[in-house]
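Observations on chain architecture
In case you want the letters, here they are:
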Amino acid sequence: FSLIWIIFTSIRTNQELYAGVWALPKTINFENYIKAWNVVNLKRYFLNSVIVTFVAIIGLTFICTPAAYVLSRFNFKGRGFLSNLIIAGMGVPYQLLLIPLYKLFLNIKLVDNLFGLMLVYITLSIPFTIFLLSGFLRSLPSELEDAAMIDGCSEFGTFWKVMFPLAQPGIITAAIFNFIFLWNEYMLALVFISSQNNRTISLGLYSIQSAMQYTADWTGLFAAVVIVMLPTTIIFFILSEKVMSGITLGAVKG
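**Observations concerning the overall build of the chain**
When helices and strands are tallied, the chain shows 13 helices and zero strands. Each helix (α) and strand (β) of the chain, taken in turn from the N terminus, gives the series α-α-α-α-α-α-α-α-α-α-α-α-α. Within the chain, the fraction of its 254 residues that count as buried is 41%. A sequence separation of at least 24 residues applies to 73% of the contacts in the chain between residues at least 6 apart. In the chain, which carries 15 positive and 11 negative side-chain charges, the distance between the mean positions of the two groups comes to 8 Å.

Right under this line is the structure:
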């Protein structure tokens, strides 16, 4: 109901909104979207979020998938300690790390930098991603690895040619969860980004909300909200079956 009400409000005029908050729209007004997209520089914030989020997800995929494969399929000294250390990392609130992280990135001159924000996102998302992928990779049959080894495939080749393609449901599941979190993330972006041109969509939406308070253009604000939540809504509805299948398969073996 709230989602439908936001969409209806975004295509109304301010006069219609003041006349009746819960009334259905009498006209369809797409000027609110044009105004939100162009006037308040939302397209710049949207592009920044797309770049940061997708680069971070790609980086997480190629870092965490091999790590999860090793932790879930190989027996070596210290494996249990590393697995427990990663699980413990999930329990550390990232708010506690803001000051040391900011000081570190300030020393290496990556504050107010999209690349620096990508590194922060990747670093703080590694524990959850490895934990999720480990459960899924553990459920894959070991006979596939044996068959690849018999055919002369190395361990490196077995992973990239056999296990990595089979792990696509789990990878997609982890990517969707990370996308939802990173796309809507606000606190880290607020701390590490200061210039207007480098703002992400969450920071941009807050600045739009602050500006709309003085202009009373509430329908334009709702149009901006629809633009912000549209990518996550579309991706989740399209790939929701893959998310559920990835979680279910990952829970078969523990």
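What follows continues from the structure just given.
**Comments concerning helix H7 (residues 114-138)**
Here H7 spans 35 Å end to end across 25 residues, near enough to the 36 Å set by a 1.5 Å rise per residue. A bend of about 45 degrees at Ile126 is the largest found in H7, and the proline Pro127 appears one to four places after it. Where H7 begins, one side-chain oxygen reaches toward the backbone nitrogen of Phe115, 2.7 Å away; that side chain belongs to Asn113.

**Regarding the packing of aromatic side chains**
All chains considered together, the criterion is met by 21 aromatic pairs. Taken together, a centroid distance of 6.3 Å and an interplanar angle of 40 degrees make the contact between Phe30 and Tyr33 tilted. Taking the centre distance of 5.5 Å and the plane angle of 20 degrees together, the rings of Phe179 and Trp183 count as stacked. Pair noted here: Phe179 and Trp183 are both in helix H10 (residues 168-184), with a separation of four residues, about one helical turn. Given the relative accessible area of 5%, Phe179 is considered buried. Each residue in the set Phe62, Tyr69, Phe74, Phe156, Phe159, Trp160 and Phe164 is aromatic and connected to the rest through ring pairs, giving one cluster.

**Points about the pattern of salt bridges**
Per the counting criterion, the structure on display carries one salt bridge. The salt bridge partner of Arg73 is Glu145, with a shortest N-O separation of 2.6 Å. On the criterion of sequence distance, the pair formed by Arg73 in helix H4 (residues 42-73) and Glu145 in helix H8 (residues 143-150) is long-range, its members being 72 residues apart. Note on Glu145: relative accessible area 13%, which makes it buried.

**Digging into unusual backbone geometry**
Phi is positive for Lys109, which is not a glycine, with a value near 60 degrees. Secondary-structure assignment places Lys109 in the loop between helix H6 (98-107) and H7. The backbone of Asp112 shows a phi angle near 60 degrees, a positive value even though the residue is not glycine. For Asp112, the location among the structural elements is in the loop between H6 and H7.

**Concerning the side chain of Ser10**
Considering the arrangement of structural elements, one finds Ser10 in helix H1 (residues 2-10). Not counting residues within four places of it along the chain, the set of residues in contact with Ser10 comprises Asn29, Asn32, Tyr33, Thr219, Phe222, Ala223 and Val226.

**So, the packing of helix H3 (residues 31-39) against H4**
At a minimum axis separation of 5 Å, H3 and H4 run at an interaxial angle of 70 degrees. Classified by the angle their axes make, H3 and H4 are roughly perpendicular. Taken together, the residues of H4 that come into contact with H3 (itself represented by Ala36, Trp37 and Asn38) are Leu42, Lys43 and Phe46.

**Notes on the side chain of Asn198**
Mapped onto the elements, Asn198 comes out in the loop between helix H11 (187-192) and helix H12 (201-215). The buried category is assigned to Asn198, whose relative accessible area is 17%. Within the structure, Asn198 has its side chain in polar contact with the side chain of Ser195 (distance 3.1 Å). Setting aside residues no more than four positions away along its own chain, Asn198 makes contact with Asn48, Asp112, Leu114 and Ile193.

**Here's the deal with the environment of Ala189**
You can see Ala189 is positioned in helix H11. Taking the C-alpha atoms as reference points, Ala189 and Phe30, separated by 159 residues in sequence, lie 30 Å from one another. Setting aside residues up to four positions removed in sequence, Ala189 forms contacts with Leu117, Tyr121, Thr200 and Leu203.

**Observations regarding the confidence of the model for the chain**
Taken over all residues, the pLDDT of the chain has a mean of 86, while the share at 70 or more is 93%. For residues 250-254, every residue scores under 50 in pLDDT, and the model assigns this stretch six contacts once sequence neighbours within four places are set aside.

**What about the packing of helix H9 (residues 155-166) against H10?**
It is at 5 Å that the axes of H9 and H10 come closest, and there the two elements cross at 60 degrees. Classified by the interaxial angle, the pair formed by H9 and H10 is oblique. Counted together, Phe164, Pro165 and Leu166 of H9 and Gln168, Pro169 and Ile171 of H10 form the full contact between these two elements. The class makeup of the residues in the contact of H9 with H10 is five nonpolar, one polar and no charged.

Each value, and the rule that gives it
- Residues numbered from 1 in each chain as written.
- Predicted model: local features only at pLDDT ≥ 70, side-chain atom pairs only at ≥ 80, totals over all residues.
- Heavy atoms only, no water.
- Helix = DSSP H or I, 4+ residues; strand = E, 2+ residues; numbered from the N terminus.
- Buried < 20%, exposed > 50% of the residue type's maximum accessible area, 1.4 Å probe, protein only.
- Contact = heavy atoms within 4.5 Å.
- Lys, Arg positive; Asp, Glu negative; His and termini not counted.
- Charge placed at Lys NZ, Arg CZ, Asp CG, Glu CD.
- Expected span 1.5 Å × (residues − 1).
- Bend = angle between axes of the 7 residues up to and from the residue.
- Polar contact = N/O pair within 3.5 Å; in protein donor to acceptor, adjacent residues only side chain to side chain.
- Phe/Tyr/Trp six-rings, centres within 6.5 Å; stacked < 30°, edge-to-face > 60°.
- Salt bridge = Lys/Arg side-chain N within 4 Å of Asp/Glu carboxyl O.
- Axes fitted to C-alpha atoms, helices over the stretch in contact; angles between N-to-C directions.
- Parallel < 35°, antiparallel > 145°, perpendicular 65-115°, else oblique.
- pLDDT = per-residue confidence, 0-100.
- Nonpolar A, V, L, I, M, F, W, Y, C, P; charged D, E, K, R; others polar.

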